[in-house]
Structure formats: structure tokens, C-alpha cells
Amino acid sequence: MNFITEWWNAMNILQQSFAVVAIPATVMLLLQTVMLLFGIGGSHDGETDGDAAVEHGDFSDNLDIADDGDFTDGVHIDDGDQSYANHHDAGLRLFTVRGIVAFFSVGGWLGVVLGETSLHTAWVILISLLGGLISLIVTALILKWSLKLQDEGNIDIRNALGKTAQVYIPIPANGKSFGKVTLVLQDRYVEYSAITQHSETLKTDSFVKITGIINQSTLVVKPIAEE
């Protein structure tokens, strides 16, 4: 503790300001990485795009949904239905949670380091912002690349049955529409559309269990709390 106190007191106001941003962002980044490595879930990457607002009516009457472990009867894979399989190819997602965390982490530590030099404050801030922006872009490129592996690899969606996923676009209640989940499947970070029969909307960052498959790109899930 003395070392931390001495380190903090040795910094000027500019460095301390950057450190206040960098430290929590770095902790969040490390936690996200550890969770991903252990397959607990991915970053929820809660950006909003057109896919989140798509309405498809009430699915509860016309979808073959598995529930409570009866996975065999609930697996209905239509190889021709790929309406949601590839929309992560539409563009580069800059403003994801993981990207924003990386922005503040890298930019913050750059500010701490540069704040000790003779550079003018304006240059320190500018360089730190540029460094954070570069990290934001790099993170988006890595995410796009990792999701592309979902299409290029030999991932069998049926292996997702019974696994835990994390919601990153809210899933409306009672099968009203699609949301999105992410998970680690066959050692890859993947993303799928998802619906639920649960009576309440499943919120971003909540953990769910995969109980069924609709097609190659859509899962049926329920909250872990129902276990």
C-alpha cells in the first residue's frame, strides 16, 4: 500500500487524471479477457445497430422450440435460412464495450506516461486520444476477424446445446423478436441470434442457457436463474 501511495503522490494532476480513467478500464479489460479464456462468456459488446431493432412478429406459435433439456425434438436446423448468419460482415464495429474499454485503458496509460515528460499538456491529451483511437480500431478489427471465423470454420451449432452464453443485445420476452448472444464454441468466440420463451426480456450482460436450435444462426435460450 505504501508503494501505491508513493506512486500516486509522485504524479502530477494531469497524470492522476489519466490514471483515474486507465486503472478501472484496465481492470475491466483483464476481467473480460480472463472470462473469455475460461469460456465464461465474451464481451457483451453492446453496440446498437439495425439488427437490434428488427421485428419478426410473434414467434411463439410457429417455431419448434426446445425446452427443459429435450434437445433432440427442439433441434430444427434449416440450412437455407441464413438471414442472420452473416450480418457481422456488414461493417466494422468501433463502439463496442470491449473497444471502449481498450480506448480508455490505452489512452489513459499513455497520458500517465507522457504526463511525466516535458510535452505540453495539449500534446499529451492529443497523443493519448490518438493512441486510444488506434486501440479502438484494432479491437474492432480483432472482433471482426474472430467472428468471421464462425463462418469460415467447421463450427457445428448443435454443440451449443446446454452451454452457457452471454446476452449482448437484449432478447425480448415471449419469443417476440430476436436478440443476440455470444459464447465460446469449439474454442472460438462466436455470435448468434437468440429468442426466449421467458416472460421477461433478457438484458445485456446476463447469462443464459442454450436449450434449443431454430436454424444455423438462431438459438433458443433461457435465463440461468431458471436452473
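A short tour of the structure in this document, coming up. In this text the structure is predicted, and so the values were computed from the model without any measurement.

Procedures and definitions
Residues numbered from 1 in each chain as written. Predicted model: local features only at pLDDT ≥ 70, side-chain atom pairs only at ≥ 80, totals over all residues. Heavy atoms only, no water. Pairing = 2+ DSSP bridges. Helix = DSSP H or I, 4+ residues; strand = E, 2+ residues; numbered from the N terminus. Axes fitted to C-alpha atoms, helices over the stretch in contact; angles between N-to-C directions. Buried < 20%, exposed > 50% of the residue type's maximum accessible area, 1.4 Å probe, protein only. Salt bridge = Lys/Arg side-chain N within 4 Å of Asp/Glu carboxyl O.

1. Section: the sheet that holds strand β3 (residues 188-196)
One closed barrel holds the 5 strands; their spatial order is β1-β2-β3-β5-β4, and the pairing between them is mixed. Taking each pair of neighbouring strands and ignoring which way they run, the sheet shows an average axis angle of 55°. In terms of strand pairing, strand β2 (residues 179-185) meets β3 through 7 bridges, oriented antiparallel. What sits directly across from T182, in β3, is E191.

2. Side note on the environment of V184
Structurally, V184 is set in strand β2. The class for V184 is partly exposed, based on a relative accessible area of 23%. When the C-alpha atoms of V184 and Q166 are compared, they prove to be 9.8 Å apart, with 18 residues separating the residues in sequence.

3. Quick notes on the pattern of salt bridges
This structure, assessed with the given rule, holds 2 salt bridges. Two residues, D156 and R158, come together in a salt bridge whose shortest N-O distance is 3.1 Å. With relative accessibility at 47%, the residue R158 sits in the partly exposed group. In this structure, the salt-bridge partner of K180 is E191, at a minimum N-O distance of 3.0 Å. Within this pair, whereas K180 is found in strand β2, its partner E191 is found in strand β3, the two being separated by 11 residues in sequence. Taken individually, K180 and E191 each receive the classification buried, so the pair is uniform in this respect.

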